[in-house]
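Analysis of the macromolecular model
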Amino acid sequence: MGDEISRTTYSRSQRRQYRHKIQQCLDVFETMLAQASFECEPPLTGMEIEGNLIGDDYRPAMSNAGVLSSIDDPAFQRELGSYNIEFNVPPRQFTKRAALDLEAEVRASLNDAQAKARTHDAGIVMIGILPTLMPEHLTGDWMSDSARYAALNDSIFAARGEDIDIDIDGPEPLNLHVGDIAPESACTSMQLHLQVSPANFANHWNAAQVLAGPQLAIGANSPYFFGHRLWAETRVELFAQSTDTRPDELKNQGVRPRVWFGERWITSIFDLFEENVRYFPSLLPEVSEEDPAAELAQGRTPQLSELRLHNGTVYRWNRPVYDVVDGRPHLRVENRVLPSGPTVADMVANAVFYYGLLRRLARDQRPLWTQMSFAVAHDNFRRAARLGMDARLFWPELGEVSVAELTQRELLPLARQGLEEWGVATEVIDRFLGIIADRVATGRNGATWQVSTVRALQAQGLSRSAALVEMLRRYCAHMHTNEPVHTWPTEGSGSD
């Protein structure tokens, strides 16, 4: 969830200073967009994978400190919950066979991490929401030892002034009150990064917003939370509600939420950072020593620490990123739509599908976002989160169509074109787009597999709790085979 900070409480004067400093950063960023040279060739891609730790009973293992110590690799980091970890995959060019190399490297790294986790009687599972997580697991020392997380929790509740209501509808609605952001730790995702130039950023972000609904419907993997079957991708609504700084009165006034799809197509990355500063009060007003204007004037690249820190507390589903590596600035679109899992093969297929589509749509002479309203793109996203594979989504010239029809008629051909433009090898395209094609043809993604398996197990006489444990046991066994989720059996016979 971002870089560490030095304190957990802030004075009024620190908040005033931060507001001034972040505006200064924004002004410098605007100047840089007009004058500075940003690193963008060749474009790099990146991936972050969040996971959960489980014990031999397939319930959460609150042991990330020990596990990470044993893994002893800076690519693996803690996340909000002490049962969460994150794997940061090294950036790479999206070349001819890069996706196959990525699949092999991620599998090797996760297998090594799994072996080291086993020395702590823990295992790693990649899933959108851990289905065996229950309210009793999010009491006591559930949070990772981090000043950032403690300060974030305190700031959200100070801004809100009251407990948070978690109220999610679905087949088995859930309503509860919580006094901290613990439920947010249940939301484990995969983030995809693409480095782009300032001139091309708006087209890529707009295209990513168009794709968010179909992307989520195809990749949904979070149907259960606290034992309730909710949305196909419950993570979306749970994340939004568990970090909401707004009491009801501010919601009624139309104040924007911290977890935000957005509200308009953009013409520049500056639009997004300017919205962040204009609409969202600081949660972590940490002030650096840097004078960004002086740094720029002296020919150095400013870190813009306050602007970046603030951006990390506005949870857009497609987030703009400004970063500096080896003294060179660059911009990225960070796609935060997808859940973690089920397998490395599935996740790499999701990534290849996304990168192919993004390249094709961002270069279109008549962009899709000029043919649909922003509200429709947002509605597609919400429908996809709620219904997954069963959603009907709007698409220009097709109208409202099923996920399968949209994918087969439009998205797969467009993704193939984009991947060919990238120069991706035909056999690589065939492998990973084949996984997507078979997933939609069978109607089986992580969410549908989980629901079908639990239903079959309960029909055999297991309680919901026992069915969730047994389903997760099978999920983990299949996950380690790396066979895509559409090939997994769902019968309740006990076979793996």
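Residues numbered from 1 in each chain as written. Predicted model: local features only at pLDDT ≥ 70, side-chain atom pairs only at ≥ 80, totals over all residues. Heavy atoms only, no water.

The next subject is the overall build of the chain. Within the chain, the regular secondary structure consists of 16 helices and 15 strands. Rg of the C-alpha trace for the chain: 22 Å, near the compact-globule value of 23 Å for 496 residues, within the 12% margin. Across its three principal axes, the chain shows a C-alpha extent of roughly 70 × 50 × 45 Å. Evaluated residue by residue, the chain yields a buried proportion of 59% over its 496 residues. Taking the intrachain contacts of the chain between residues at least 6 apart in sequence as the baseline, contacts between residues at least 24 apart amount to 75%. Across the chain, the 48 positively charged side chains and the 66 negatively charged ones have centroids separated by 3 Å. (Helix = DSSP H or I, 4+ residues; strand = E, 2+ residues; numbered from the N terminus. Rg over C-alpha atoms; globule rule 2.2 N^0.38 Å. Buried < 20%, exposed > 50% of the residue type's maximum accessible area, 1.4 Å probe, protein only. Contact = heavy atoms within 4.5 Å. Lys, Arg positive; Asp, Glu negative; His and termini not counted. Charge placed at Lys NZ, Arg CZ, Asp CG, Glu CD.)

This brings us to empty space enclosed by the protein. Taken as a whole and judged by the stated rule, the model has 5 cavities of 30 Å³ or more. As for the largest cavity, its lining consists of R107, L110, N111, Q114, I124, M126, V344, M479, H480 and N482. At the level of secondary structure, the elements contributing two or more residues to the lining of the largest cavity comprise α3 (98-118) and α16 (464-481). Take the lining of the largest cavity: its biggest share by element is 4 residues, from α3. Across the lining of the largest cavity, the residue classes break down as 5 nonpolar, 4 polar and 1 charged. Broken down by secondary-structure element, the contributors of at least two residues to the lining of the second largest cavity are β1 (44-54), β3 (84-93), α3 and α11 (344-362). No other element matches α11, which puts 4 residues into the lining of the second largest cavity. Taken together, the residues of the lining of the second largest cavity sort by class into 12 nonpolar, 2 polar and 1 charged. (1 Å grid on protein atoms, 1.4 Å probe; cavity = no way out; pocket = protein on both sides within 12 Å on 5 of 7 lines; lining within 4 Å. Points joined across faces, edges and corners; volume = space filled by probe spheres on them. Nonpolar A, V, L, I, M, F, W, Y, C, P; charged D, E, K, R; others polar.)

Where empty space is left becomes clear once a probe the size of a water molecule has been rolled over the atoms. By volume, the second largest pocket is sized at about 430 Å³. As for the second largest pocket, its lining consists of 20 residues, and the residues nearest its centre are E237, A240, Q241, R246 and R382. Breaking the lining of the second largest pocket down by element, the ones donating at least two residues are β5 (164-168), α6 (234-242), α7 (248-252), β10 (259-260) and α12 (374-387). Of all the elements, α6 adds the most residues to the lining of the second largest pocket, at 4 residues.

For the rest of this paragraph, the subject is helix α1 (residues 12-35). For α1, with 24 residues, the first-to-last C-alpha span of 35 Å sits near the 34 Å given by 1.5 Å per residue. Tucked into the core, α1 has its buried residues touching α8 (269-279), α9 (292-297), α10 (305-311), β12 (318-325) and β13 (328-335). (Expected span 1.5 Å × (residues − 1).)

Position of T132 relative to the elements: it lies in the loop between β4 (123-125) and α4 (147-160). For T132, the side chain forms a polar contact with the main-chain oxygen of Y58, separated by 2.6 Å. The contacts of T132, once residues within four sequence positions are left out, are Y58, R59, P60, H137, L468, V469 and L472. (Polar contact = N/O pair within 3.5 Å; in protein donor to acceptor, adjacent residues only side chain to side chain.)

Take α16 next. Over its 18 residues, α16 runs 26 Å from end to end, which matches the ideal 26 Å to within 8%, given 1.5 Å per residue. The set of residues buried in α16 consists of A467, L468, V469, E470, M471, L472, R474, Y475, C476, H478 and M479. Those residues of α16 hidden inside the fold are in contact with β1, β4, β8 (224-225) and α15 (446-459). One or two steps after α16, the chain reaches N482, where phi turns positive at roughly 65°.

Axis separation between α1 and α8 bottoms out at 11 Å; the angle between their running directions is 175°. Relative to α8, α1 is oriented roughly antiparallel. Contacts between α1 and α8 involve I22, Q23, L26, F29, E30 and L33 from the former and I269, F270, F273, E274 and V277 from the latter. A per-class count over the contact of α1 with α8 returns 8 nonpolar, 1 polar and 2 charged. (Axes fitted to C-alpha atoms, helices over the stretch in contact; angles between N-to-C directions. Parallel < 35°, antiparallel > 145°, perpendicular 65-115°, else oblique.)

Fair warning: the whole summary comes from geometry, so function is off the table for now.
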